[in-house]
Amino acid sequence: MWAAAIESLDYDSKSDRSFGMKQRPDGDIEIDEKFWEADFHIPTCEKCNGVLKPDVVFFGDNVPKDRADKAMEAAKGCDAMLVLGSSLMTMSAFRLVRAAHEAGAAIAIVNVGVTRADDFVPLKINARLGEILPRLLNMGSLSIPAPMQL
């Protein structure tokens, strides 16, 4: 239900068809509370009665140090990096792209709107992932311009 609503989202509409969803400038979707608050159940921990969270890092939370260290090591050692659907406005994401760039990796970004790495990434596709990613995958390969050697 939600996926279909997002795909048919009318960005200027407040109709029930889009469940009151609006796309914010950062690309996130904002859902009007009247469409979910009555039926939405947030699970609680059976032991402590606290709110359960998945094992992901939400915007504004800190990436655990061991995970951040592994990601940085991978970024510094990669030969190519593809950034999908991120403005790279968080320092934790931006520093990985910057480290890959400094290590000489070829980098491409697919995102709607400006990203923090637009000044140094050679290939930027300004498109919605749901529209462009299937087309890229059907091509069989994606050629990223090699970084300029000074």
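How each quantity is defined
- Residues numbered from 1 in each chain as written.
- Predicted model: local features only at pLDDT ≥ 70, side-chain atom pairs only at ≥ 80, totals over all residues.
- Heavy atoms only, no water.
- Core = buried A, V, L, I, M, F, W, Y, C linked by side-chain atoms within 4.5 Å.
- Buried < 20%, exposed > 50% of the residue type's maximum accessible area, 1.4 Å probe, protein only.
- Helix = DSSP H or I, 4+ residues; strand = E, 2+ residues; numbered from the N terminus.
- pLDDT = per-residue confidence, 0-100.
- Salt bridge = Lys/Arg side-chain N within 4 Å of Asp/Glu carboxyl O.
- Pairing = 2+ DSSP bridges.
- Right-handed = clockwise from strand over helix to strand, strands pointing away.

**Student:** Explain the nonpolar core here, please?
**Tutor:** The tendency in soluble globular proteins is for nonpolar side chains to be buried side by side. By size, the foremost hydrophobic cluster in this structure holds 15 residues, and its most contacted members are Met81, Leu88, Val97 and Ala117. Among the elements of the structure, helix 2 (65–77), strand 3 (80–84), helix 3 (91–102) and strand 4 (106–110) are those that each provide at least two residues to this core. Looking at this core, the element that brings in the most residues is helix 3, giving 4 residues.

**Student:** What should I look at first to understand the confidence of the model for the protein chain in this one?
**Tutor:** Of the residues in the protein chain, 72% have a pLDDT of 70 or more, and the chain-wide mean is 80. Mean pLDDT across the secondary structure elements of the protein chain bottoms out at helix 1 (residues 2–7), with 55, and peaks at helix 2, with 96.

**Student:** Would you mind showing me how to read the pattern of salt bridges here?
**Tutor:** A complete count under the given rule lists 4 salt bridges for this structure. For aspartate 55, the salt bridge goes to arginine 67, with nearest N and O atoms at 3.3 Å. Of the two residues, aspartate 55 is situated in the loop between strand 2 (29–30) and helix 2 and arginine 67 in helix 2; the sequence distance between them amounts to 12 residues. With a relative accessible area of 67%, aspartate 55 lands in the exposed category. Note that glutamate 131 is salt-bridged to arginine 128, the shortest N-O span being 3.7 Å. For glutamate 131, a relative accessible area of 48% puts it in the partly exposed group. According to the relative accessible area criterion, arginine 128 is partly exposed, its value standing at 24%.

**Student:** Honestly, the pairing of strand 4 in this entry has me stumped. Any pointers?
**Tutor:** Here is the key point about a regular strand: its side chains alternate between the two faces of the sheet. Across the 5 residues that make up strand 4, a large majority, 5, are buried. The alternating pattern of strand 4 places Ala106, Ala108 and Val110 and Ile107 and Ile109 on opposite faces, both of which are buried. Pairing between strand 3 and strand 4: 5 bridges, direction parallel. Residue pairing in the sheet places leucine 82 in a bridge with alanine 108 of strand 4. With helix 3 bridging strand 3 and the parallel strand 4, this β-α-β connection has right-handed handedness. Looking at chain direction, strand 4 and strand 5 (residues 123–125) are connected through 3 bridges and run parallel. Paired with valine 110 across the two strands is isoleucine 125, which belongs to strand 5.

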